[in-house]
Amino acid sequence: ISSFSQTTAIPDIYFERALIDAGIDSDNKVDGLISTEDISNITELNIANKGIYNLSGLESFTSLTNLNCSKNKISRINMSSFKNLIQFGKLCTLP
């Protein structure tokens, strides 16, 4: 019997490292992917000051209500996926 789990692409290695350090990425490998199951129930995410350039994959954090991604090198983010977001820290420090 084989099982297939859905994954979400996390192309920024600093973003994925921050998820591993926070105990969210259960495979503990910087491989550009995270199990969608690992992130589906995350409500709070503090990834401030991690050197992140790209938040691609964040749109799969569908339960996210609190996000702090301040002091990174992010130039843009699409907020349309975050209908539950209540608290949003300063978005970015432009390079």
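Quick note: structure is the one above.
Parameters at a glance
- Along every chain, residues carry numbers that run from 1 in the direction the sequence is written.
- Per-residue local features are limited, in this predicted model, to residues with pLDDT of at least 70; the limit for side-chain atom pairs, both in listing and counting, is 80 or more; totals at the level of whole chains, interfaces and linings are taken over all residues.
- The side-chain values count all of the structure's non-hydrogen atoms but skip hydrogen atoms and water molecules.
- In DSSP terms, a helix is any run of H or I states spanning at least four residues, a strand is any run of E spanning at least two, and both are numbered starting from the N terminus.
- The buried label goes to any residue with under 20% of its type's maximum accessible area, the exposed label to any with over 50%, and the partly exposed label to all in between, with areas taken from a 1.4 Å probe on protein chains only.
- For accessible areas, the Shrake-Rupley method is used with a probe of radius 1.4 Å. Any residue's cover is judged against the shown protein chains and nothing else.
- Within this analysis, patches are made of residues with over 30% relative accessible area and no salt bridge. Like charges are joined at 9 Å or less; nonpolar side chains (Val, Leu, Ile, Met, Phe, Trp, Tyr) at 5 Å or less.
- Salt bridges are counted wherever a side-chain nitrogen of Lys or Arg sits within 4 Å of a carboxyl oxygen of Asp or Glu.
- Lys and Arg are tallied as positive, Asp and Glu as negative. Neither His nor the chain termini are counted.
- Polar contact criterion, stated in full: a pair of N or O atoms within 3.5 Å, where within protein one must be able to donate a hydrogen and the other to accept it, and residues adjacent in sequence count only if both atoms are side-chain atoms.
- Contacts are assigned to residue pairs with any non-hydrogen atoms lying within 4.5 Å of each other.

1. Topic: the overall build of the chain
Alright, step 1. Check the secondary structure of the chain and you find two helices and five strands.
Alright, step 2. Helices (α) and strands (β) of the chain occur, in sequence order from the N terminus, as β-α-β-α-β-β-β.
Alright, step 3. Looking at the chain as a whole, 36% of its 95 residues are labelled buried.
Alright, step 4. Here the chain displays about 5,900 Å² of accessible surface, and carbon together with sulfur accounts for 48% of that area.

2. Comments concerning a nonpolar patch on the surface
Alright, step 1. A cluster of nonpolar residues, Ile-13, Tyr-14, Val-30 and Tyr-53, forms a patch on the protein surface that exposes about 400 Å² of accessible area.
Alright, step 2. Turning to its location among the elements, Val-30 is positioned in the loop between helix H1 (13–21) and strand E2 (33–35).
Alright, step 3. The class of Val-30 is partly exposed, set by a relative accessible area of 39%.

3. Side note on the side chain of Asp-38
Alright, step 1. Note on placement: Asp-38 falls in helix H2 (residues 36–39).
Alright, step 2. Despite being buried, Asp-38 has no salt bridge partner; Lys-29 is the closest side chain of opposite charge, sitting 11 Å away.
Alright, step 3. A polar atom in the side chain of Asp-38 sits 2.7 Å from the side chain of Ser-26.
Alright, step 4. Apart from residues no more than four positions distant in its own chain, Asp-38 is found in contact with Ile-24, Asp-25 and Ser-26.

4. Thoughts on the side chain of Ser-70
Alright, step 1. Structurally, the position occupied by Ser-70 is in the loop between strand E4 (66–68) and strand E5 (87–88).
Alright, step 2. Looking at Ser-70, its side chain comes within polar contact range of the side chain of Asn-68, at 2.9 Å.

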